[in-house]
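Summary of the model geometry
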Amino acid sequence: MSSILYLVLPCYNEEAVLPDTAAALERKYHTLMEQGKISRESKIMFVNDGSGDRTWSIITELFHKNPLFCGISLSRNRGHQNAVLAGLMTAGKKADAVISLDADLQQDMDAIDLMLEKFEHGCDVVYGVRNARDTDSFIKKNTALGFYKLMQFMGCEVITNHADYRLLSRRVIESLSEYEEVNLFLRGLIPAIGYPSDIVYFDVRERQAGESKYTMKKMISFAVDGITSFSIKPLQMITLLGFLMLFVSVIMVITTVVDYYTGRTVPGWASSYCSTWFIGSVQLLSLGIIGEYIGKIYMETKHRPKYHIESCLWREKEEGKE
Ligand code: UDP
Ligand code: MG
């Protein structure tokens, strides 16, 4: 018997791409169903992440037109990671496997076939890894690659060039639901869960309409979140830096004492000026890094819910309600 596959698409102000995305996915799903690769109960789920445009009304229209589509709407914009999580948790109750992908369909949807194949062969997690970064700007390409390198250096097990296009089996989603952290970084969390996994490669194309919702500010805060949620290496580096500075200052004290007794003391304005600046900035940076972690602890201790579902477009066959 073929598996029930749910697709989860986070949508934030995506009115420009949604109709095309829905049409393309509908065709894809029909082919998959005809080929017997997925069950007829499979669905495409849109997660409206507090959009300010017509996104939710388009999703509602799609739902009423075709039983293939369903959707949930979050009470406000909670960010890409929380929107994906809300979709996974909702879809995970019905599906054997869930694939998350972006609503702009920049990620080649034909990789779904390969993901399904791997899933049928026993993989619980199938990561979509992009082939090339030709469609990205020079800055985006290099900051992204630098980010993966930095994450790996910090000891976080991320997969280079894997964004949030992946298949998860129902049991992985159940395990994921046991993670209560508020600072969500799925790319680090999923490899940490374990289970058999594999990789499929796919191409990325340009966004067909609308604009990227990942501004530079969002990307930086995403990177900081990723690092500080998964690694305490920056804190250890501060300690290392402290020892290094202590060593340097011991040498400085010795040379100063020697200079004093040999009568070579000079006003030394330049050196004290430079070291004041340097030490001051190191201290500020160190405090900032510690502050990042304390901020995280503060947020985690609140145990706040990560999202609220405001409305649900869902057909319950048994209950006969939407
Ligand atoms: N997205 C979201 N909430 C946000 C920002 C983005 O749900 O606060 C969704 C967006 O609608 C899209 C996906 O996350 O489906 C990836 O965003 P985008 O395509 O803008 O990012 P890029 O591909 O430029 O990195
Ligand atoms: Mg995109």
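Residues numbered from 1 in each chain as written. Chains lettered and ligands numbered in written order. Predicted model: local features only at pLDDT ≥ 70, side-chain atom pairs only at ≥ 80, totals over all residues. Heavy atoms only, no water.

**Looking at helix H7 (residues 186-193)**
Which entries qualify depends on this criterion: With a 1.4 Å probe rolled over the protein chains alone, any residue whose accessible area is under 20% of its type maximum counts as buried; one over 50% counts as exposed, and the rest are partly exposed. Numbering of helices and strands starts at the N terminus; helices are DSSP runs of H or I of at least 4 residues and strands are runs of E of at least 2. The contact definition used throughout considers only heavy atoms, calling two residues in contact when any of these lie within 4.5 Å.
In terms of burial, H7 is a largely internal element, 7 of the 8 residues being buried. When we look at burial in H7, the residues that qualify are Leu186, Arg187, Gly188, Leu189, Ile190, Pro191 and Ile193. Structurally, H7 contributes buried residues whose contacts are with helix H3 (80-91), strand E5 (125-130), helix H5 (138-153), strand E6 (162-169), helix H6 (170-176) and helix H8 (216-230). Positive phi appears at Gly194, one or two residues downstream of H7, with a value of about 100 degrees.

**Some points on H3**
Which entries qualify depends on this criterion: Here, expected helix span is obtained from the residue count minus one, scaled by 1.5 Å.
With 12 residues, H3 ought to run about 16 Å at 1.5 Å a step, and its terminal C-alpha atoms sit 16 Å apart, in line with that. Taken across its 12 residues, H3 has 12 buried, putting it largely inside the fold. For H3, the set of buried residues is His80, Gln81, Asn82, Ala83, Val84, Leu85, Ala86, Gly87, Leu88, Met89, Thr90 and Ala91.

**A word on the site of ligand 1**
Stated formally: It suffices for a single heavy atom of a residue to lie within 4 Å of a molecule or strand for the residue to be listed as near it. Pairing of N or O atoms within 3.5 Å defines a polar contact, subject to two protein rules: one partner must be a possible hydrogen donor and the other a possible acceptor, and residues neighboring in sequence count only if both atoms are side-chain atoms. Here the Shrake-Rupley method, with its probe set to 1.4 Å, supplies the accessible areas, and only the displayed protein chains count as covering residues.
Every one of the 19 residues lining ligand 1 counts as a neighbour, but Glu14, Asp49, Asp104, Ser212 and Lys213 are closest to it. Arg207 is positioned such that a nitrogen or oxygen atom in its side chain is 2.9 Å from an oxygen atom of ligand 1. The side chain of Lys218 places a nitrogen or oxygen atom 2.9 Å from an oxygen atom of ligand 1. For ligand 1, whose unbound accessible area comes to 530 Å², protein coverage reaches 92%. Residue assignment for the shell around ligand 1 shows that the elements contributing at least two residues are strand E1 (5-11) and H3.

**Observations concerning unusual backbone geometry**
A positive phi angle, close to 50 degrees, is found at Leu105, a residue other than glycine. Counting through the fold element by element, Leu105 comes out in the loop between strand E4 (97-100) and helix H4 (111-120). Backbone geometry at Tyr195 places phi at a positive 70 degrees, although glycine is not the residue there. Within the element layout of this structure, Tyr195 appears in the loop between H7 and strand E7 (197-202). Using a relative accessible area of 35% as the deciding quantity, one classes Tyr195 as partly exposed.

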